[in-house]
Amino acid sequence: MQNEGEHPPAGAGTPPGLSGNAATAAPLDPDALRAFAAAVYRSAGVPDEDAALAADTLVQADLWGHQSHGMLRLGWYYARLRSGAMKARTASRVVVDGGAVAVLDGADGIGQVVARRATDEAVRRARKHGVAVVSVRNSNHFGTCMYYTRIGAQAGCVTMLMSNAGPNMAPWGGLKKKIGTNPWSIAAPAGDRPPIVMDMANSGVARGKIYLAGNRHESIPSHWAIDKHGNPTTDPAAALEGFILPMAGHKGYVMGVMVDVLSGVLSGSQFLDGVHGPYDPVNRSGAGHFMLALDVGALMPPEEFHARMNAYIASLKDVPVAPGHGQVYYPGEMEAQADARNRAAGLCLAPETLADMARIAGEAGLRWEDYFPPASGPVA
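Residues numbered from 1 in each chain as written. Predicted model: local features only at pLDDT ≥ 70, side-chain atom pairs only at ≥ 80, totals over all residues. Heavy atoms only, no water.

Student: Describe the overall build of the protein chain, with residues and values.
Tutor: From N to C terminus, the protein chain includes 13 helices and 9 strands. Reported as C-alpha extents along the three principal axes, the dimensions of the protein chain are approximately 55 × 45 × 45 Å. Out of the 380 residues in the protein chain, the part that is buried amounts to 53%. Once local pairs closer than 6 in sequence are excluded, the contacts in the protein chain between residues at least 24 apart make up 69%. For the protein chain, the accessible area works out to roughly 16000 Å², and carbon and sulfur atoms hold 56% of it. (Helix = DSSP H or I, 4+ residues; strand = E, 2+ residues; numbered from the N terminus. Buried < 20%, exposed > 50% of the residue type's maximum accessible area, 1.4 Å probe, protein only. Contact = heavy atoms within 4.5 Å. Areas by Shrake-Rupley, 256 points an atom, 1.4 Å probe, with all protein chains shown as cover.)

Laid out in structure tokens, this is it:
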């Protein structure tokens, strides 16, 4: 049995036409990446619409600059689909319908598909009741929380989403993995701007960032993790074998516990080390989620809220810029700007990510050149 503390299978080889640093230097068209990822999902029996959604969540994370949650993860999801740990056809159903409150059973389906349905249910119910809570059981890892909370914000709701995850952190003062990084996100409409978004794990860093550092052959800061003996480490491999540290010391641990209570205990799903993450290719996940949506229009006219948000963000930015910073950002603005840049210039992925994509292509019966012609070059 593999758990999240073990290393996923590494990719082998280099994609045809790419080698060494050239793999990192050649930008790839985001649309081609989406088409490739969707084809991989379809090869595992995922319906077209669900495959397109799951692929978009990966590429969108890369566009936002969060490569720890982007195409790097495709192989992990694909392995879970092939083993049957995650079901290719998502048969989620509402098992408790209390109007403003609902419980959604994901039936071990694709986490992205389950989370999107939870988002749509929450927004629909909030529009009717002013506020809605959707509790989700028996789901899977769904990528970035902000993918879904931004959808709610764009629909005129303040939305909050949280999820438990496989164990990466020890309880405060302990030396055994018990609790996940347990991310959560809050998003709200932001007037004339892209939504204001908070998206964070309760660890000092997301586990995927440590995998990404390993893929890039980079060291990690010593405050990210400790090794299996409890000593600080800058080695990604030792960090993955050891323990990720909570953010802000015991405060991050406490927040992680409460996310697990709302996502796992309250939903009737798994919790603590009963949850298995995307790095585990064979065990059912048991992940649970908690989503809340608040219809802005139930509290004040939306145009008034938008005007107030415009004033709020303008006030945030109306301060002197500190040395070493180019501007003052509101939460979510960095991702919005990165998205615009990366859509225009294309995405440069780590060589190991590209190599793993090539391996997946072979296993899925896909031709790499059909999606990424050698002479395609930068995005126009």
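Student: Explain the side chain of Asp295 to me, and be specific about the residues and the numbers.
Tutor: Mapped onto the elements of the fold, Asp295 is located in strand 9 (residues 287-295). For the buried Asp295, no salt bridge is present, and the opposite-charge side chain at shortest range is Arg127, 5.8 Å distant. Discounting chain neighbours no more than four positions away, the residues touching Asp295 are Ala126, Arg127, Gly130, Gly156 and Cys157. (Lys, Arg positive; Asp, Glu negative; His and termini not counted. Salt bridge = Lys/Arg side-chain N within 4 Å of Asp/Glu carboxyl O.)

Student: Can you break down the packing of aromatic side chains residue by residue, with the values?
Tutor: A complete count under the given rule lists 9 aromatic pairs for this structure. On the numbers, 4.6 Å between centres and 45° between planes, the contact of Trp368 with Phe372 is tilted. When sorted by exposure, Trp368 lands in the same class as Phe372, which is buried. These aromatic residues form a ring-pair network of at least three members: Phe36, Trp368, Tyr371 and Phe372. (Phe/Tyr/Trp six-rings, centres within 6.5 Å; stacked < 30°, edge-to-face > 60°.)

Student: Requested: an account of the domain arrangement of the protein chain, with residues and values cited.
Tutor: In terms of domain boundaries, the protein chain breaks down into domain 1 (30-83 + 348-370) and domain 2 (93-204 + 246-298). Taking only C-alpha atoms into account, the centre of domain 1 sits 23 Å from that of domain 2. Contacts between the two partners involve 19 residues from domain 1 and, on the opposite side, 22 residues from domain 2. Across the domain 1/domain 2 interface, buried area totals approximately 1700 Å², and carbon plus sulfur atoms make up 65% of it. Three residues stand out in domain 1 for area buried against domain 2, namely Leu53, Trp64 and Arg80, and they jointly supply 38% of the buried area on that side. Along the contact surface separating domain 1 from domain 2 lie 0 salt bridges. Counting across the domain 1 and domain 2 interface gives 8 residue pairs in polar contact (both at pLDDT 80 or more). Those elements that place two or more of their residues in the side of domain 1 that touches domain 2 are helix 3 (48-63) and helix 4 (74-83). (Domains from an automatic or database assignment. Buried area = accessible area lost by both parts, 1.4 Å probe. Polar contact = N/O pair within 3.5 Å; in protein donor to acceptor, adjacent residues only side chain to side chain.)

Student: So, the sheet that holds strand 3 (residues 131-139): which residues are in play, and what are the values?
Tutor: Taken together, the 7 strands give an open sheet; going across it, the order is 1-2-3-9-4-5-6, and neighbouring strands pair in mixed fashion. Edge positions in the sheet fall to strand 1 (93-97) and strand 6 (193-200), since each has one partner strand and no second. For this sheet, the mean inter-axis angle between neighbouring strands, taken without regard to orientation, is 15°. In the packing of helix 5 (residues 111-129) onto the sheet, the strands contacted are strand 1, strand 2 (101-105), strand 3, strand 4 (157-163) and strand 9, and the crossing angle to strand 3 comes to about 160°. (Pairing = 2+ DSSP bridges. Axes fitted to C-alpha atoms, helices over the stretch in contact; angles between N-to-C directions.)

Student: Quick one: what's the story with the pairing of strand 6, residue by residue and with numbers?
Tutor: Moving residue by residue along a regular strand, the side chains alternate between the two faces of the sheet. Relative to strand 6, strand 5 (residues 184-190) is paired through 6 bridges, and the arrangement is antiparallel. Pairing of Trp184 across the sheet is with Met200, part of strand 6. Connecting the antiparallel pair strand 5 and strand 6 is a turn made up of 2 residues, with Gly191 showing a positive phi of about 65°.

Student: Which residues make up the layout of surface pockets, and what are the values?
Tutor: Looking at the largest pocket, its volume works out to about 600 Å³. Ranked by the residues each element gives to the lining of the largest pocket, the list is headed by strand 6, at 4 residues. A breakdown of the residues in the lining of the largest pocket according to their chemical character gives 15 nonpolar, 19 polar and 6 charged. Both domains that meet at the lining of the largest pocket, namely domain 1 (30-83 + 348-370) and domain 2 (93-204 + 246-298), each give it at least three residues. (1 Å grid on protein atoms, 1.4 Å probe; cavity = no way out; pocket = protein on both sides within 12 Å on 5 of 7 lines; lining within 4 Å. Points joined across faces, edges and corners; volume = space filled by probe spheres on them. Nonpolar A, V, L, I, M, F, W, Y, C, P; charged D, E, K, R; others polar.)

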